[in-house]
Amino acid sequence: MKLYADPISTTCRPVLLFIAESGAPVEMHLVELMKGAHLQPEYAAINPSRAVPAFADEDMLLSESSAILKYIADKIDSPAYPKDLKKRAKVNAMMDWLNTGLYRDFGYGFVYPQVFPHYKHEHEVAQTATINAARERTKKWLNILDKDLIGPNSNYLVGNELTVADYFGAGIFSLTDLMRCDLSPWPNVQRWLKTMRNLPSWNKVHEDFNAKLVEPSKQAPFVML
Ligand SMILES: N[C@@H](CCC(=O)N[C@@H](CS)C(=O)NCC(=O)O)C(=O)O
């Protein structure tokens, strides 16, 4: 198995973290976003969307971090992607919730227009309106995640077992380091994220992200959550 990835990417870090924690036999191929390696024709042949991560198992090519996580977990028979139909459905639901709800508003609406020039709106009014609307929607998602989905009794996003949904969510939440977010209004989210940060491979997997994005943005005048 081969993974094409860049650890600065929010959608690559969950896969890299899961591989590191599970010991899955996956060969890492670095695709440096900052050098535009993902835009080269050789990479477009692997992922026509020109985005990371991409994955290969023999002749099968796969994109989408969520699908890649599930595939690797199944391939190595990991309990992180439960076989039980009902448990698996809950993990799938959580990953879709994160991907199409929280990540859409927090990542694409709030963080990326502030951090990446190609996501920034040309007109200041549109930029401010996008960020403000996404910030309010992000808070709504965080309230739901904190009170209804994790709640005071669960250790993880889906009950008390670590699943691929936690890896997926942790990638999105590592963006809170970049944006210097105060998560104290959401104590259950904070507690869960602390558990994920304590995974043995967390620091190593987040080294490049911290050095290339978090550190250089320490003084950036971001709109706060
Ligand atoms: N839905 C995809 C998103 C992949 C994605 O957008 N990756 C970003 C990095 S986080 C990327 O490669 N962007 C390239 C670009 O913006 O040109 C997934 O989950 O894998």
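Data block above holds the structure.
Note that the coordinates shown come from a computational prediction; the quantities given were computed from them, not determined experimentally.

S.K.: So, helix α5 (residues 124–150): which residues are in play, and what are the values?
M.R.: Its 27 residues give α5 an end-to-end C-alpha distance of 37 Å, which sits within 8% of 39 Å, the value for a rise of 1.5 Å per residue. Along α5, the sharpest change in direction is near 25° and occurs at I144. Along α5, the residues that are buried comprise A134, T138, L142, L145, D146 and I150. Those residues of α5 hidden inside the fold are in contact with α4 (85–115) and α8 (187–197). Trailing α5 by a residue or two, G151 shows a phi angle of about 70°, which is positive.

S.K.: Explain the sheet that holds strand β1 (residues 2–5) to me, using residue names and the numbers behind them.
M.R.: The sheet built from four strands is open, its strands ordered β2-β1-β3-β4 with mixed pairing. Pairing within the sheet leaves two strands with one partner each, and these edge strands are β2 (27–30) and β4 (60–63). Ignoring strand direction, the axes of neighbouring strands in this sheet form an average angle of 20°. As paired strands, β1 and β2 are joined by four bridges and run parallel to one another. In the sheet register, A5 faces β2, and the bridge partner there is L30.

Definitions and cut-offs
- Residues numbered from 1 in each chain as written.
- Predicted model: local features only at pLDDT ≥ 70, side-chain atom pairs only at ≥ 80, totals over all residues.
- Helix = DSSP H or I, 4+ residues; strand = E, 2+ residues; numbered from the N terminus.
- Expected span 1.5 Å × (residues − 1).
- Bend = angle between axes of the 7 residues up to and from the residue.
- Buried ≥ 20, exposed ≤ 12 C-beta atoms within 10 Å, placed from the backbone.
- Contact = placed C-beta atoms within 7 Å.
- Pairing = 2+ DSSP bridges.
- Axes fitted to C-alpha atoms, helices over the stretch in contact; angles between N-to-C directions.

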